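Results of the structural survey
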Amino acid sequence: MRLTFHGHACVSISGAGTRVVIDPGTLADARGALAGASGVLITHEHPDHLDVEAVVEALRGDATLTVRGTDGVVEALRDAGMPGERAQAAEPGEELALGAAWVLVGGGDHAPIHPRLPLIANRTYTVALDGATVHHPGDSFDVPAGALDVLCLPVSGPWLRLSEVIDVTLAASARTVVPVHDALLSETGHQLTRRWLDTGRIGGEHVYRRLAAGESFEV
């Protein structure tokens with residue numbers, strides 16, 4: 001399996017002739033990520049996770065491409081004129097087959113930002129492909145109890161604190177932690193986050209692996 005980071009919250013997972021794209025949003029290279037996609041998974045409808053224009057364009061260009069996400073995602077794509085009913089809601093506990101990939105849907109709500117702001121639904125995705133597993137929690141800290149090869153870990157945003165990020169890093173049984181949801185961080189912020197999440201500071205057995213946009217590694 002090859003994991004590629006496309007910026008902010010967007011990753012693609014490739015192997016065995018399958019390419020799964022998660023959260024191609026407006027702060028990422030959404031069009032680059034969507035090129036050649038076998039399937040698209042979107043955690044929620046916020047623009048930094050869903051570039052509506054890019055996704056609709058990809059759907060129009062590939063009659064076999066489908067999207068799974070929340071009801072809000074489906075509504076946003078339908079309002080933008082997606083062809084047919086090519087996006088469908090994904091429910092927690094559902095198992096999906098996308099080419100050679102197996103996907104377990106989880107999640108519930110987006111992590112709260114403030115009591116005055118309404119919560120929206122957020123889905124998480126655990127993708128198994130080529131004998132490896134990757135988990136993407138969207139805007140939440142909902143992670144599965146079992147072992148993971150890669151945890152895509154949100155590290156910046158109005159809804160999180162670094163102490164929570166550390167707790168999730170230590171609680172998750174992941175061999176590799178890849179920081180995502182990082183567009184708000186300066187280089188100084190990245191260095192500080194790495195310092196706090198590296199095993200030399202907090203312990204643990206994971207490898208903290210920051211990727212530049214467009215960078216890949218073999219899982």
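Just above sits the structure.
These remarks concern the structure in this document.

Cut-offs and rules
- Residues numbered from 1 in each chain as written.
- Predicted model: local features only at pLDDT ≥ 70, side-chain atom pairs only at ≥ 80, totals over all residues.
- Heavy atoms only, no water.
- Buried < 20%, exposed > 50% of the residue type's maximum accessible area, 1.4 Å probe, protein only.
- Helix = DSSP H or I, 4+ residues; strand = E, 2+ residues; numbered from the N terminus.
- Pairing = 2+ DSSP bridges.
- Salt bridge = Lys/Arg side-chain N within 4 Å of Asp/Glu carboxyl O.
- Core = buried A, V, L, I, M, F, W, Y, C linked by side-chain atoms within 4.5 Å.
- Contact = heavy atoms within 4.5 Å.

A few words on the pairing of strand S7 (residues 95-98). Because side chains alternate across S7, one face comprises the buried residues Leu96 and Leu98, and the other comprises Glu95 and Ala97, none of which is buried. Bridge count for S7 against strand S8 (residues 101-109) is four bridges, and the pairing is antiparallel. When the bridges of S8 are listed, Leu96 appears paired with Val103. As consecutive antiparallel partners, S7 and S8 are separated by two residues, and within that stretch Gly99 has a phi angle of approximately 60 degrees, a positive value.

This part covers the pattern of salt bridges. Enumeration over the complete set of coordinates arrives at eight salt bridges. Glu53 is the salt-bridge partner of Arg31, the closest N and O atoms lying 3.3 Å from each other. Here Arg31, found in helix H1 (residues 30-34), pairs with Glu53, found in helix H2 (residues 52-61); they are 22 residues apart in sequence, far enough to count as distant. Judged by its relative accessible area of 37%, Arg31 falls in the partly exposed class. Within this structure, Arg31, Glu53 and Glu57 form a network of salt bridges that share partners.

Leu3, Ile13, Ile22 and Leu41 are the most contacted members of the largest nonpolar core, which has 25 residues in total. In this view, Ile13 contacts Met1, Arg2, Leu3, Thr18, Arg19, Val20, Ile22, Val127, Leu129 and Val134; residues no more than four positions away in its chain are not counted. Residues Ala30, Ala37, Leu59 and Ala87 belong to the second largest nonpolar core, which totals 22 residues.

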